[in-house]
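Inside the fold
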Amino acid sequence: MSDTNRPNTNFSDAHRTLTLQPAMGEMIKPSELIEIKGASGLTLADRRLYNILLQQAFGPELGEEGRRFEIALSDLRDTHDSNDRLTQSIESLMRTVVSIAREDGSTDRVQLLGWNNLADPKRAHGTLKYSIPPELAVLLKDSRVFAKLELEVLKAFSSKYALALYEAVSRRVRLKHVIMESFTLEDFRELIGVEEGKLKTFGNLNQYAIKPALLEINALAYFNVTVAPTKTGRRVTGVIVGWGMKDIDARKQAYAELQRPKAGRKARIDGSTEEIAKPGYQQDQFPGLGGSVPGGPVLEDLD
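Source: prediction; values computed, not measured.

1. Examining the sheet that holds strand β5 (residues 107–111)
Strand order across the open sheet formed by three strands is β2-β4-β5, with antiparallel pairing between neighbours. Sheet topology places β2 (36–37) and β5 at the edges, where each strand pairs with a single neighbour. By the bridge criterion, two bridges tie β2 to strand β4 (residues 97–101) in an arrangement that is antiparallel. Paired with Lys 37 across the strands is Ser 99, a residue of β4. Packed onto the sheet, helix α3 (residues 134–141) meets β4 and β5 and runs at close to 130 degrees relative to β5.

Below, the structure is given as structure tokens:
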């Protein structure tokens, strides 16, 4: 595993997230913009748009206060089919205030997106200028933990829960000797972007958010993900998220699926757990679950 994929303890400029060079077909996203609270109201289109804006701005300049960036509106066509919908997402990102944890345990509350000229009738035709709020730029400047995200996979998701879980696991999957992490149910709901008051029971959360997300991730990503419920008494109070790298054949299957049209994808992958490579971990690596962790997206429906 490349050292550039691990959280860094060397605090030199050479190890800052914004100095890294993404490979072709990928983007690098600072963990500060993955492990956030307050973004559950964002739609899949909002999240896709924000990733494209971050990708365009990525580099040391992203950490400079007051820096303005420019992007062609044609580069945003994959996220929105009209300027009206694009405006809605831009405004949603501007209104969204999130909490971001610092390395020392303190927390900052910042907007996701700052100034832009989308509503300016005199702006250059076919372009958008925008900025990252200065308080957020300061946080990103010192970022040292990140995820490498495959652009084709990001574009392929049809669920915001799949996109959010994919980003969260991408931040963790290359860590040495770490193959799972426990979350309280509240923290997991926040992690994948479930809005307050929605999918209140674990049965509904499992059916409408977790299962569809796992189907897409396990079919399209270079790793597999599992989500197993944990209980306090009879009540589900948390989950254990597990992950494992796919072997070469399973990666080829994921790549092949990415090349196929989106139409019919759900039918191709729904219920096809036997065609999805299982992660390379054993039952004894998940003590106390009372059974093996499923390799695919099938979970017990529990309220």
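2. What about the packing of aromatic side chains?
Enumeration over the complete set of coordinates arrives at five aromatic pairs. Seen from their ring centres, Phe 69 and Tyr 130 are 5.8 Å apart, and the 35 degrees between their planes marks the pair as tilted. Residue Phe 69 is located in strand β3 (residues 68–72), and its partner Tyr 130 is located in strand β6 (residues 127–131); the two are separated by 61 residues in the primary sequence. Assigned by exposure class, Phe 69 and Tyr 130 land together as buried. Here the basic side chain of Arg 68 rests over the ring of Trp 115, its NZ or CZ set 3.7 Å away from the ring centre.

3. Topic: the side chain of Asn 218
When you line up the elements, Asn 218 lands in helix α7 (residues 202–220). On the accessibility criterion, Asn 218 (2% relative accessible area) is buried. For Asn 218, the side chain forms a polar contact with the main-chain nitrogen of Val 225, separated by 2.7 Å.

4. Re helix α8 (residues 248–259)
End to end, α8 covers 17 Å across twelve residues, agreeing with the expected 16 Å (1.5 Å per residue, within 8%). Where α8 is buried, its residues contact α4 (151–156), α7 and α9 (265–269). With a side-chain oxygen positioned 3.3 Å from the backbone nitrogen of Asp 249, the residue opening α8 is Asp 247.

5. A short note on the nonpolar core
Ranked by internal contacts, the top residues of the largest apolar core, which has 81 residues, are Leu 165 and Phe 188. At ten residues, the largest contribution of residues to this core is made by α7. Beyond its immediate stretch of four places on either side in the chain, Leu 165 contacts Phe 188, Ile 192, Ala 213, Leu 214, Ile 217, Val 225 and Val 227.

What counts as what
Residues take numbers from 1 onward in each chain, read along the sequence in its written order. The model is predicted, so local features are restricted to residues of pLDDT at least 70 and side-chain atom pairs to those at 80 or more, both for listing and for counting; the totals for chains, interfaces and linings are taken over all residues. Excluding hydrogens and water, the side-chain values take into account all heavy atoms of the structure. Should DSSP find at least two bridges between two strands, the strands are taken to pair. Numbering of helices and strands runs from the N terminus, with a helix taken as a DSSP run of H or I at least four residues long and a strand as a DSSP run of E at least two residues long. Contacts are assigned to residue pairs with any non-hydrogen atoms lying within 4.5 Å of each other. Here an axis means a line fitted to C-alpha atoms, over the contact stretch when the element is a helix, while the angle between two N-to-C directions is reported on a 0 to 180 degree scale. Here a Phe, Tyr or Trp ring, Trp counted by its six-membered ring, pairs with any other such ring whose centre lies within 6.5 Å, and the pair is stacked when the planes are under 30 degrees apart, edge-to-face when over 60, and tilted otherwise. Here the term buried applies to any residue with accessible area under 20% of the maximum for its type, exposed to any over 50%, and partly exposed to those in between, with areas from a 1.4 Å probe on protein chains only. Placement of a charge over a ring requires the Lys NZ or Arg CZ to be within 6 Å of the ring centre, with the centre-to-atom vector within 35 degrees of the ring normal. Counted as a polar contact is a pair of N or O atoms within 3.5 Å, where, for protein atoms, one must be capable of donating a hydrogen and the other of accepting one, and residues adjacent in sequence contribute only when both atoms are in side chains. By definition here, a helix of n residues has an expected span of 1.5 Å times n minus one. Each nonpolar core is a collection of buried residues, namely Ala, Val, Leu, Ile, Met, Phe, Trp, Tyr and Cys, held together in the definition by side-chain atoms within 4.5 Å.

Fair warning: the whole summary comes from geometry, so function is off the table for now.
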